[in-house]
Amino acid sequence: MKPLPLLLWALSTALSAQTALSAATPESNPSPSQRAMAPEQEAAAVILPFLDALANPPSGAAKAFRIRGTVESIGGIQLPSPPPEFDLALEPPARMRVRFPVSQSDLQAGRDGNKLWASPRELIQPLLGTAAATASPPSARPQLPAIRIPFAGSQLQLIPALLQVQAKGEAPFEGVPCRIMDVRVLPPLAQMLSPDLDKWAMRLWVNPRRQPARIGIQGPQGNAVFKIHHVDFQPALARETWTAPEDALEVPLSLLQSLWSRFGKP
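Just so we're clear, the structure is a prediction, and the values are computed from it rather than from any experiment.

(A) Fine view of the overall build of the protein. Across its full length, the protein carries seven helices and twelve strands. Across the 266 residues of the protein, 47% fall into the buried class. Taking the contacts inside the protein whose residues are at least 6 apart along the sequence as the reference set, 64% of them involve residues at least 24 apart. Element-wise, carbon and sulfur atoms account for 54% of the exposed surface of the protein, whose accessible area totals about 13,300 Å².

(B) Quick peek at the environment of P172. Along the chain, the position of P172 falls in strand β7 (residues 163-173). Separated by 33 residues in sequence, P172 and W205 place their C-alpha atoms 9.2 Å apart.

(C) Representation of the nonpolar core. Counting 49 residues, the largest nonpolar core has V183 and L204 as the members making the most contacts within it. In terms of residues, this core owes the most to one element, helix α3 (residues 39-54), which gives eight residues. Setting aside its immediate chain neighbours within four residues, V183 contacts A43, I47, L163, Q164, V165, A201, M202 and L204. Listed in part, the five residues of the second largest apolar core include F173, C178, I180 and A213.

(D) Structural view of the pairing of strand β3 (residues 85-91). Counting buried positions along β3 gives six out of seven residues, so the element sits mostly inside the fold. Pairing of strand β1 (residues 64-74) with β3, which is carried by six bridges, proceeds in the antiparallel orientation. In the sheet register, R68 faces β3, and the bridge partner there is D87. Note that β3 and strand β4 (residues 95-102) share five bridges and pair antiparallel. Bridge pairing links D87 to R99 in β4.

(E) A look at α3. The terminal C-alpha atoms of α3 lie 23 Å apart, and with 16 residues this matches the ideal 22 Å at 1.5 Å per residue to within 8%. Its axis deflected by about 45° at I47, α3 carries its strongest bend there, up to four residues before the proline P49. Across the 16 residues that make up α3, a large majority, twelve, are buried. All of the buried residues in α3 are P39, E42, A43, A44, V46, I47, L48, F50, L51, D52, A53 and L54.

(F) A look at unusual backbone geometry. Cis geometry is found at the peptide bond from P92 to P93, where omega equals 10°. At the junction of S119 and P120, the peptide bond is cis and its omega measures out at 10° in the coordinates. Along the chain, P120 falls in the loop between β6 (115-119) and α4 (121-134). Within the chain, E174 stands out as a residue other than glycine whose phi angle is a positive 55°. Relative to the elements of secondary structure, E174 occurs in the loop between β7 and β8 (176-185).

Rules and cut-offs
Residues numbered from 1 in each chain as written. Predicted model: local features only at pLDDT ≥ 70, side-chain atom pairs only at ≥ 80, totals over all residues. Heavy atoms only, no water. Helix = DSSP H or I, 4+ residues; strand = E, 2+ residues; numbered from the N terminus. Buried < 20%, exposed > 50% of the residue type's maximum accessible area, 1.4 Å probe, protein only. Contact = heavy atoms within 4.5 Å. Areas by Shrake-Rupley, 256 points an atom, 1.4 Å probe, with all protein chains shown as cover. Core = buried A, V, L, I, M, F, W, Y, C linked by side-chain atoms within 4.5 Å. Pairing = 2+ DSSP bridges. Expected span 1.5 Å × (residues − 1). Bend = angle between axes of the 7 residues up to and from the residue.

By themselves these figures say nothing about function.
Listed below in structure tokens is the structure:
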């Protein structure tokens, strides 16, 4: 994937409430009966804490999260060893930051309110300059959507009934037995919520603690597989999380809209 579509993919993924993933913090020693729960229930147990942070309003104390891990593959291409690390932070309704390496650079992109930025300058400036010269005017005044899902936290217990989950058996991952599941939103509901939501799917490798060891994402712009190292839920993340690097460039919203219309659609 080239740098410009990759940058757009990162920004759009972080701005889409329905595409994010996370993990629960379950009991340390689940009983056999807990481990044998239905796939829909187990998938929901992994996803619900993250969805609650994105809910409007949340039912719990966690209103932000941060995921760290490594990128195993993008677009079906296995990345060289050692695998590149990624870091994704979200604090609804209007803060996000994502970091991952591209070639020899550490690409970062973020949002704080209505401000979007990306770095490093030497990589981003030529891309934005070239794109601005060929971009068409936006069709309307650009607006950034809130990073939210259309549910209150109190409604999330319905989630298992809204998921289409296929159990794919069990397999060891780095020596730990994991239950593998493919997860989608039920197609009729997906069509109601978003035109592209039915194109999103994920594969979960869930360890005995009901934490994701690995996550695969399939979406309109491609696919990726991530190994999850750490997930942290907090009422709020540290203020410096949202501070752009000194070499960051602001991304005009109108330019982002024009670029997305050219490069971001399937």
